[in-house]
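Per-entry structural report
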Amino acid sequence: MYSEVLIKAEQLHLEGDLLKNYIIYLVSKDENLFSKTAEKSNGMLDTNSSLYQAALHDCKVFKNFLIRDLPTITGKDSIDLIHNFVPTAYSKATSNISTLYNHFATESSPLDALVQELMNHYSSYSCGIMSDYTALRWSSSTGLIGIKNYDTIQLQDITGYEHQKETLLQNTLAFLNGKPANNILLIGSPGTGKSSSVKALLNEPMIKNLRLIEVSKLELKSFNQLLGILREYSQKFIIFLDDLSFEEFEIEYKYLKSIIDGGVERTPSNVLIYATSNRMHLIKETWDDRKGDSDDVHRFDTVNEKLSLSDRFGITLTYLSPNQVEYLIIVEQLAIKNKISLPLEQLQAAALRWERQHNGRSGRTGQQFINHLLSQR
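Described in the following lines is the structure provided in the data block. (Residues numbered from 1 in each chain as written. Predicted model: local features only at pLDDT ≥ 70, side-chain atom pairs only at ≥ 80, totals over all residues. Heavy atoms only, no water.)

1. Here we look at the overall build of the protein chain
What the protein chain contains, in helices and strands, is 17 helices and 7 strands. A separation threshold of at least 6 residues defines the contact pool for the protein chain, and within that pool the share at least 24 residues apart is 77%. For the protein chain, the exposed area adds up to about 20,300 Å²; of that, 51% sits on carbon and sulfur atoms. (Helix = DSSP H or I, 4+ residues; strand = E, 2+ residues; numbered from the N terminus. Contact = heavy atoms within 4.5 Å. Areas by Shrake-Rupley, 256 points an atom, 1.4 Å probe, with all protein chains shown as cover.)

Next comes the structure, spelled out in structure tokens:
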């Protein structure tokens, strides 16, 4: 038993009385009617409501258990390590329960103050999976899955494309502040930073209460299921459709069009869609679509149907491949960041040779070149 508690303590970075802390940690994370209502109401719940009264009752039970019953269960023979644990690593996330711990573990603390602190906690830190992750992945079979090792890139790490990054940032801030905002399509050459720009939003200091949910093309059929789940949360969500494109035989784009256009069910106000693509038009168009002798009687309707998905996005940001000067600036800045001290002329000549022999000019190619130099040290 003790070994399992210690494993959890190290994983969660708990300290002090482990059993009490772990129970309070579970309460602070639990997703239930009270926690979700407290979160959506910004910690303001009518004290005369039945839900508030039920919370008072449950908190009294928990408090009595922690103060009176738990010490009896653990007994005098429990090792001191369990009561005075010091974790190897410190976590700010778990330190957020320290105030809750004081209310739960102190007999003189009033119950109404405990319930209010619990509501404040849910309002500030959310509950369930949303309290642990800012980036998630959607699967219709398993639901929302938290992404533990999220990319730490920031907008300042992406060289160039200042207008595109600023537009993306300002649209996102407007969305977070409850102002009108647009779905965004980022198009352009591979390796230019489209996906990185979207992922970097979560790492910007001014971005608060935002969650990024990655959705694959194959999951578009279950989009309405996902929207129904997100509608119940107080956070704002960007649904991230990365490297989006459709072959002419793929019909998943129709689900996306319906959602962006607005079907019978209104898209939640706390959801935006950001998509990236290497294609100007997301749906593959063939020469037969353009021919006057096509078998399709309403040929132009077919063409417009294929081109119309891109038009559904309110903002389109274009990431063109850098020219030679821009490419060399990217390489130079990456070299400085990675403390590579080659003479500038030698660095530039090697960078040009690299892009000719590999993937052309792009930020990704520049990073691959820098990685090659670092591997030669």
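2. Focus: the packing of helix α7 (residues 98-105) against helix α8 (residues 111-125)
Where α7 contacts α8, the axes come no closer than 10 Å and their chain directions differ by 160°. By the angle between their axes, α7 is roughly antiparallel relative to α8. For the pair α7 and α8, the crossing hand works out as left-handed. In this structure, α7 contributes T99, L100, H103 and F104 to the contact, and α8 contributes A113, L114, E117, L118 and H121. Each residue belonging to the contact of α7 with α8 can be placed in one class, and the counts come to 5 nonpolar, 3 polar and 1 charged. (Axes fitted to C-alpha atoms, helices over the stretch in contact; angles between N-to-C directions. Parallel < 35°, antiparallel > 145°, perpendicular 65-115°, else oblique. Left-handed = near helix turned anticlockwise from the far one by under 90°. Nonpolar A, V, L, I, M, F, W, Y, C, P; charged D, E, K, R; others polar.)

3. Digging into helix α11 (residues 223-230)
Among the residues of α11, those classed as buried are F223, L226, L227 and L230. Along the long axis of α11, the arc covered by the buried residues comes to 100°, so they all point the same way. (Buried < 20%, exposed > 50% of the residue type's maximum accessible area, 1.4 Å probe, protein only. Arc of directions from axis to C-beta.)

4. Points about the sheet that holds strand β5 (residues 236-241)
Spatial strand order, β2-β1-β4-β5-β6-β3-β7: 7 strands in an open sheet with mixed pairing. A single partner strand is all that each edge strand has here, and the edge strands are β2 (143-146) and β7 (315-319). Neighbour-to-neighbour, the strand axes of this sheet turn through a mean angle of 25°, independent of strand direction. Two elements, strand β3 (residues 184-188) and strand β6 (residues 271-277), share 4 bridges in a ladder whose sense is parallel. In the sheet register, L185 faces β6, and the bridge partner there is A275. (Pairing = 2+ DSSP bridges.)

5. Concerning the pairing of β6
Counting buried positions along β6 yields 7 of 7 residues, so the element is predominantly enclosed. Of the two faces of β6, the one lined by V271, I273, A275 and S277 and the one lined by L272, Y274 and T276 are each fully buried. Where β5 lies against β6, 5 bridges are found, and the strand directions are parallel. Bridge assignment links I239 to a residue of β6, and that residue is I273.

6. Structural notes on the nonpolar core
Ranked by size, the top nonpolar core spans 29 residues in total, and within it L14, L18, F34, V115, L118 and Y122 carry the most contacts. If you look at the next biggest cluster of nonpolar residues, it comprises 28 residues, including I147, L168, F175 and L186. (Core = buried A, V, L, I, M, F, W, Y, C linked by side-chain atoms within 4.5 Å.)

7. Observations concerning helix α17 (residues 363-375)
In an α-helix there are 3.6 residues to a turn, and that puts residues three or four apart on one side. Taking 1.5 Å of rise per residue, the 13 residues of α17 would be expected to cover 18 Å, and the 18 Å separating its terminal C-alpha atoms lies within 8% of that figure. Along α17, the residues that are buried comprise T365, G366, F369, I370 and L373. Buried residues of α17, seen end-on, are gathered within an arc of 140° and therefore sit on one face of the element. Turning to α17, the residues buried within the fold contact α15 (324-337) and α16 (344-357). (Expected span 1.5 Å × (residues − 1).)

8. Remarks on the packing of aromatic side chains
Under the criterion given, the structure shown has 4 aromatic pairs. Note on W354 and F369: the rings are 6.0 Å apart at their centroids and 50° apart in plane angle, and the pair reads as tilted. Note that W354 is positioned in helix α16 and F369 in helix α17, a separation of 15 residues in sequence. Accessibility assignment for this pair places W354 and F369 in one class, buried. Above the plane of the ring of Y233 lies K36, whose end atom (NZ or CZ) is 4.6 Å from the centre. One cation-aromatic arrangement involves K236 over F175; the distance from NZ or CZ to the ring centre is 5.0 Å. (Phe/Tyr/Trp six-rings, centres within 6.5 Å; stacked < 30°, edge-to-face > 60°. Lys NZ or Arg CZ within 6 Å of the ring centre and 35° of its normal.)

9. So, the side chain of E219
Along the polypeptide, E219 turns up in the loop between β4 (210-214) and α11. In this structure, E219 is buried with no salt-bridge partner, the nearest side chain bearing the opposite charge being R137 at 9.7 Å. (Lys, Arg positive; Asp, Glu negative; His and termini not counted. Salt bridge = Lys/Arg side-chain N within 4 Å of Asp/Glu carboxyl O.)

10. Regarding the environment of N209
With respect to the element layout, N209 can be found in the loop between α10 (194-200) and β4. When the C-alpha positions of N209 and S234 are compared, they lie 8.8 Å apart, and in sequence the two are 25 residues distant. If we skip the residues at most four places from it in the chain, N209 touches L176, S234, Q235 and K236.

11. Overview of the side chain of K29
Mapped onto the elements of the fold, K29 is located in helix α2 (residues 18-29). Owing to a relative accessible area of 18%, K29 belongs among the buried residues under this scheme. Residue contacts for K29: discarding those within four places in its chain leaves C127, G128, S131 and D132.

12. Considerations on the pattern of salt bridges
Applying the stated criterion across every chain, the model contains 8 salt bridges. Taking the shortest distance from any N to any O, the salt bridge between R68 and E107 comes out at 2.6 Å. With R68 in helix α4 (residues 50-74) and E107 in the loop between α7 and α8, this residue pair connects regions lying 39 residues apart in the sequence. A salt bridge links K199 to D151; the nearest nitrogen and oxygen atoms lie 3.4 Å apart. A residue pair is termed long-range when its members are at least 10 positions apart, and K199 in helix α10 and D151 in the loop between β2 and α9 (162-176) qualify at 48 residues. For D151, a relative accessible area of 30% corresponds to the partly exposed category.

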